Amino acid sequence: YVVNTNKTYMPDVYKDMVTMKKASAYYDKKYAVSGIGAGDLVCLYHVGVGVLGIGKAKTEYQECEIDGDAGEEYFVPIDFEFLVDITDEGWQSKAIHAWEINAQFNTGYRFRQTVFQLPAEFAKFIRAKFKEKGVKKPA
């Protein structure tokens, strides 16, 4: 699965997703993460930047409040294998761009969707690109 960080509508929630190691969806789009199960592979994608991390969902989706609105955030906690450290200067250069993935596989996936699935073989490429860019497992 690829989960979008919702930059278009909530520009700073990616920080919460990265810090709290989770993939979230909100309000009318919250149900998009409800199909992600424990053990499923998840990539976190930030529009205009790229894939920030890859890991496995620890549990089924959970819900919590966002900005005082009860139950309007659904999320899956992620055990990230690779995660860009957004506190590093130039962190955006460590992300894997959508065009890099599409070019590698000669595909045209639109990464701006809330949640979508990529073929399993894409994970190997994403992991290799993170290694190449020096991205590590978070502490």
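Look up a bit, the structure's there.
Okay, so let's go over this structure. (Residues numbered from 1 in each chain as written. Predicted model: local features only at pLDDT ≥ 70, side-chain atom pairs only at ≥ 80, totals over all residues. Heavy atoms only, no water.)

## Things to note about the overall build of the chain
Right, on to step 1. Secondary structure summary: the chain contains three helices and seven strands in total.
Right, on to step 2. Taken over the C-alpha trace, the chain has a radius of gyration of 14 Å; the compact-globule value for 139 residues is 14 Å, and the two agree within 12%.
Right, on to step 3. Reported as C-alpha extents along the three principal axes, the dimensions of the chain are approximately 40 × 30 × 25 Å.
Right, on to step 4. Residues classed as buried in the chain amount to 47% of the 139 residues present.
Right, on to step 5. A fraction of 61% describes how many contacts in the chain between residues 6 or more apart in sequence connect residues 24 or more apart.
Right, on to step 6. Charge separation in the chain, taken as the distance between the mean sites of 18 positive and 19 negative side-chain charges, equals 8 Å. (Helix = DSSP H or I, 4+ residues; strand = E, 2+ residues; numbered from the N terminus. Rg over C-alpha atoms; globule rule 2.2 N^0.38 Å. Buried < 20%, exposed > 50% of the residue type's maximum accessible area, 1.4 Å probe, protein only. Contact = heavy atoms within 4.5 Å. Lys, Arg positive; Asp, Glu negative; His and termini not counted. Charge placed at Lys NZ, Arg CZ, Asp CG, Glu CD.)

## Considerations on the nonpolar core
Right, on to step 1. Counting 46 residues, the largest nonpolar core has Ile36, Val51, Ile101, Phe111, Ile126 and Phe130 as its most contacted members.
Right, on to step 2. Here the element with the most residues in this core is strand β6 (residues 69-83); it accounts for six residues. (Core = buried A, V, L, I, M, F, W, Y, C linked by side-chain atoms within 4.5 Å.)

## Structural notes on helix α1 (residues 13-20)
Right, on to step 1. When α1 is considered as a whole, its buried residues turn out to be Val13, Tyr14, Met17 and Val18. For α1, the angular spread of the buried residues around the axis is 140°, confining them to a single face. When the buried face of α1 is taken as reference, the exposed residues oriented beyond 90 degrees from it are Thr19 and Met20.
Right, on to step 2. Those residues of α1 hidden inside the fold are in contact with β1 (2-4), β2 (22-26), β3 (41-46), β4 (50-57) and β6.
Right, on to step 3. In the segment just after α1, Lys21 is the residue with positive phi, at about 55°. (Arc of directions from axis to C-beta.)

## So, the pairing of strand β5 (residues 62-66)
Right, on to step 1. Note: β5 against β6, four bridges, orientation antiparallel. Considered in β6, the bridge of Glu63 is made with Tyr74. (Pairing = 2+ DSSP bridges.)

## Digging into the environment of Asp40
Right, on to step 1. Tracing the backbone through its elements, the reader meets Asp40 in the loop between β2 and β3.
Right, on to step 2. What makes Asp40 partly exposed here is its relative accessible area of 26%.
Right, on to step 3. A C-alpha to C-alpha distance of 16 Å links Asp40 and Leu83, two positions 43 residues apart in sequence.
Right, on to step 4. Setting aside residues up to four positions removed in sequence, Asp40 forms contacts with Tyr1, Gly35, Gly55, Lys56 and Ala57.

## Some thoughts on the packing of helix α2 (residues 98-105) against helix α3 (residues 122-132)
Packed helices, taken two at a time, are described by their axes: the angle between them and the distance between them.
Right, on to step 1. Where α2 meets α3, the axes come as close as 11 Å, and the angle between the chain directions of the two elements is 130°. In this view, α2 runs oblique relative to α3, as classed from their interaxial angle. Here α2 runs over α3; the crossing is right-handed. Along the contact surface, α2 presents Glu100, Ile101, Gln104 and Phe105, while α3 presents Phe122, Phe125, Ile126 and Lys129.
Right, on to step 2. For the contact of α2 with α3, the residue count by class is five nonpolar, one polar and two charged. (Axes fitted to C-alpha atoms, helices over the stretch in contact; angles between N-to-C directions. Parallel < 35°, antiparallel > 145°, perpendicular 65-115°, else oblique. Left-handed = near helix turned anticlockwise from the far one by under 90°. Nonpolar A, V, L, I, M, F, W, Y, C, P; charged D, E, K, R; others polar.)

So yeah, pure geometry; function would need other evidence.
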